[in-house]
Protein chains: 2
Amino acid sequence: MKILILGGNGYLGWPTSLFFSKQGHEVSIVDNFVKKKMELEFGFKPLIPTKTLHKRVDCWNKNQNNPINFYVGDLLNHRFIKDLLADIRPEVIVHYAEQPSAPYSMSNRERAIFTQQNNVMGNLNLLFAIKKNCPDAHLVKLGTLGEYGTPNIDIEEGWLNVEHNGRKDRMLYPKKPGSFYHLSKVHDSANIEFACRIWDLKCTDLNQGVVYGNFTPEIDLDFENLCTSFHYDEVFGTIINRFCTQSVANYPLTVYGTGNQKRGYINIIDTINCINLASTNPPKKGEFRVFNQFTDFKSLNEMAEVIIKSSKNLGIKAKAKKIQNPRKEMEEHYYNPKNTSLISLGLKPIKFNENTIEKDIKLITKYKKNIDQEYFMPTVKWEI
Amino acid sequence: MKILILGGNGYLGWPTSLFFSKQGHEVSIVDNFVKKKMELEFGFKPLIPTKTLHKRVDCWNKNQNNPINFYVGDLLNHRFIKDLLADIRPEVIVHYAEQPSAPYSMSNRERAIFTQQNNVMGNLNLLFAIKKNCPDAHLVKLGTLGEYGTPNIDIEEGWLNVEHNGRKDRMLYPKKPGSFYHLSKVHDSANIEFACRIWDLKCTDLNQGVVYGNFTPEIDLDFENLCTSFHYDEVFGTIINRFCTQSVANYPLTVYGTGNQKRGYINIIDTINCINLASTNPPKKGEFRVFNQFTDFKSLNEMAEVIIKSSKNLGIKAKAKKIQNPRKEMEEHYYNPKNTSLISLGLKPIKFNENTIEKDIKLITKYKKNIDQEYFMPTVKWEI
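As the structure is a computational prediction, the values presented were derived from the model and not from experiment. (Residues numbered from 1 in each chain as written. Chains lettered and ligands numbered in written order. Predicted model: local features only at pLDDT ≥ 70, side-chain atom pairs only at ≥ 80, totals over all residues.)

Considering the sheet that holds strand 2 (residues 26-31) of chain B
Residues and elements named next belong to chain B.
Inference 1: Ordered by their spatial adjacency, 7 strands build an open sheet running 3-2-1-4-5-8-12, and the pairing between neighbours is parallel. The outermost strands of the open sheet, each flanked by one partner alone, are strand 3 (69-72) and strand 12 (288-293). Strand after strand, the sheet turns through a mean of 20° between neighbouring axes, direction not considered.
Inference 2: The sheet contact formed by strand 5 (residues 138-144) and strand 8 (residues 202-208) spans 7 bridges and is parallel. (Pairing = 2+ DSSP bridges. Helix = DSSP H or I, 4+ residues; strand = E, 2+ residues; numbered from the N terminus. Axes fitted to C-alpha atoms, helices over the stretch in contact; angles between N-to-C directions.)

Describing the interface of chain B and chain A
Inference 1: At the junction of the two partners, chain B supplies 36 residues and chain A supplies 36 residues.
Inference 2: Take the side of chain B that touches chain A: its biggest share by element is 10 residues, from helix 6 (residues 109-133) of chain B.
Inference 3: A per-class count over the side of chain B that touches chain A returns 21 nonpolar, 8 polar and 7 charged. (Contact = placed C-beta atoms within 7 Å. Nonpolar A, V, L, I, M, F, W, Y, C, P; charged D, E, K, R; others polar.)

Concerning the relation of the copies chain B and chain A
Inference 1: Mapping chain B onto chain A leaves a residual RMSD of 0.0 Å; the transformation is a rotation of 180° accompanied by 0.0 Å of translation along its axis. On the angle and the small slide along the axis, the relation comes out as a two-fold axis.
Inference 2: Of the interface residues in chain B, 100% have counterparts in chain A that sit at the interface too, so the contact is made through matching surfaces. (Least-squares fit on C-alpha atoms with pLDDT ≥ 70 in both.)

Comments concerning the confidence of the model for chain A
Inference 1: Across chain A, pLDDT averages 97, with 100% of residues at or above 70.
Inference 2: The complex prediction reports pTM at 0.98, with the ipTM value standing at 0.97. (pLDDT = per-residue confidence, 0-100.)

As for the packing of helix 9 (residues 239-248) of chain A against helix 13 (residues 358-366) of chain A
All names here are of chain A.
Inference 1: Relative to each other, helix 9 and helix 13 sit at 55°, their axes nearing to 9 Å. Considered as vectors, helix 9 and helix 13 are oriented oblique to each other. As for how helix 9 packs across helix 13, the hand of that crossing is right-handed. Contact residues: Cys244, Thr245, Ser247 and Val248 in helix 9; Asp360, Ile361, Ile364 and Thr365 in helix 13. (Parallel < 35°, antiparallel > 145°, perpendicular 65-115°, else oblique. Left-handed = near helix turned anticlockwise from the far one by under 90°.)

Considering the environment of B:Cys227
Residue and element names in this part refer to chain B.
Inference 1: Here Cys227 is to be found in the loop between helix 8 (223-226) and helix 9 (239-248).
Inference 2: The exposure class assigned to Cys227 is buried, which follows from the 23 C-beta atoms found within 10 Å.
Inference 3: Taking the C-alpha atoms as reference, Cys227 lies 18 Å from Glu39; in sequence the two are 188 residues apart. (Buried ≥ 20, exposed ≤ 12 C-beta atoms within 10 Å, placed from the backbone.)

A look at the sheet that holds strand 12 (residues 288-293) of chain A
All names here are of chain A.
Inference 1: Read across the open sheet, the 7 strands follow the order 3-2-1-4-5-8-12; overall the sheet is parallel. With partners counted over all chains shown, the strands left at the sheet margins are strand 3 (69-72) and strand 12, one partner each. This sheet shows a mean twist of 20° between the axes of neighbouring strands, independent of strand direction.

Notes on helix 7 (residues 180-199) of chain A
Residue and element names in this part refer to chain A.
Inference 1: Between its first and last C-alpha atoms helix 7 spans 28 Å; for 20 residues at 1.5 Å apiece the expected length is 28 Å, and the two agree.
Inference 2: Among the 20 residues in helix 7, 18 count as buried, and that is most of the element.
Inference 3: Taken from the residues just after helix 7, Asp200 is the one with a positive phi, measuring 70°. (Expected span 1.5 Å × (residues − 1).)

Things to note about unusual backbone geometry
Residues and elements named next belong to chain A.
Inference 1: Non-glycine residue Phe33 carries a positive phi angle of around 65°.
Inference 2: Positionally, Phe33 belongs in the loop between strand 2 (26-31) and helix 2 (34-42).
Inference 3: Judged by the 12 C-beta atoms lying within 10 Å of it, Phe33 is exposed.
Inference 4: Even without being a glycine, Asn250 presents a positive backbone phi close to 55°.

Some words on the packing of helix 4 (residues 78-88) of chain A against helix 6 (residues 109-133) of chain A
Residues and elements named next belong to chain A.
Inference 1: It is at 9 Å that the axes of helix 4 and helix 6 come closest, and there the two elements cross at 35°. Crossing of helix 4 against helix 6: the hand is right-handed. Residue-level contacts link His78, Ile81, Lys82, Leu85 and Ala86 of helix 4 to Asn125, Leu126, Phe128, Ala129, Ile130, Lys132 and Asn133 of helix 6.
Inference 2: Among the residues making up the contact of helix 4 with helix 6, the classes are represented as 7 nonpolar, 3 polar and 2 charged.

What to know about the nonpolar core
Inference 1: With 220 residues, the main nonpolar core has A:Ile130 and B:Ile130 as its most contacted residues.
Inference 2: Once residues within four sequence positions are removed from consideration, A:Ile130 is found in contact with A:Leu85, A:Ile93, A:Pro135, A:Ala137, A:Leu139 and A:Leu201. (Core = buried A, V, L, I, M, F, W, Y, C linked by C-beta atoms within 7 Å.)

In structure tokens, the structure reads:
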């Protein structure tokens, strides 16, 4: 299978690329490195030193017999992506190449605009390029579970069967996104649904929960040379990764508000398993298919509790601390998101519990000296 | 009342400005003239010669005792709009300043991107400027009834009470827009709803039907010097205006497809009445209020029939001709959009019938020599 990974330098894009290469697929990756620039705007560095993408690709290609192709390019450059698709003619395009942080998008006007500009226009250029040069390709697009917000009804997978005044229709699930970043993903989904409807493209839109973890079987082959970008800061760090790092740093786990907010989450290995399941089970032409990509959900307090227990088993005394919520979000709410599609395709979820998280806490401990406690407290507030 | 009209040079923006000035309000208007450039890309001219905005404003200000202020500027220039709102501190902002054509947005990649870029980012800049400099201002935003598409259930006004698996929520109405232009309006609405929710702004989002007509009481004061931009071409001409012009030109009324597609419509005077009703009955802080702004709906065939009858009364033999539909849209569908909000605020709709449309057909007849029949047939197709 010819597969193109957009955003191949990222936390998820990189291990996804390794996985598909290891499976024997023809893998090409693209990145524009803008995420690294964004990290530097805040002065944030990932916990664990990573090699440049060039070095990682070299290392992989020297030691494996299925080389990865690597291109530097930007989806905002429509000629680049159009020509690349003409050259490669990929069968699957995994699109991770978006600004991925809600706090980044809420930090000021310029970054809000950048987020929607980069994500929505980049995705539009991609749709036009697919339509022109590989209309049969399966677009696997990364969205987020946060697009739905916290509605008072069950969260279905992208579509909702609506009954109203005695009549019925199947409609896009009405979303209530919580940041300009989340909104950008909602806009993307709407644009893609239209492209499927009008141009007969096919897409799987993955509304993913919060990802955590460091290890994948491919990274484990040579951790030091292949490891992926792990963030624990307030802007780019996902919550479980940040809690684990705070625990190792003997810093209170910063629970925003009451901590009763519930969120879906997923291990990095399961992210890749889901991408694989979606890619190898494509939708039909013209179909806009949505999967909710998470394995379980918990409240922030419950997540903190698991990490505190796991830390205790490792001799670390951790505790949680409720701090003022920098976000505007519901803290007490109903939450029942569905994830039956990926389970029914065969996903066997990795459990998030005090045993499975130990390996990550041990890894973070190894890099404890790199932890910068100044990254922990939220400075970005939803009131700009 | 201090009122700012964005897009004040447009078909609707201009007569709206005159109306509010005549009512004694303090009116400022902004335009960037990009719409005129877009028309020139296709070589289209409006039917009736209009004076430059400068001349029209001069004429109005000389003959009326309540002058209009006029600024040249672009919402994509965030400093311009931020500073302008700081200077004026408007109480009402009527936002017409968007690329208004579905076919334009579907004509190629560049124009699709331009449409979403111009509309979505311009609107975002406006939201940030309001938040910073006049957070109590009432944003009156123009959207379109076409955002909803043609769902198989009743079209409510922006929000839907959903009951699902025994639980309830009030959610944004799930939309199914039919072009990149319509999508841009959906994205705008989502961004504005968020700004109301997070920043406590207040907005009325007007999902407007197809507008027709030329006359308003203020334009009638000096038609030649004050008339507004009337388009009848395939890209910028709205359907009733195009049908009327085709009739006068003895050209068959170009009905797309079966002509059973139903659309809401509204007279230009009622557009202004609706803007006035919304402006003088503002929502409360934090409220994202949606009104469907149309007075009736008919199928394309029924609209053509009215115009053919009216033409006959004027001695013009008109006929309709079904042509291949350049759009991808449902031609047979349920359609029941609601418009109770504006009616309950006091709107007394102008009827669209063979008598009321006569005045417009007569006016077009006066300018018959200007009609260019090459503008009529659709060249923009939804398959790009």
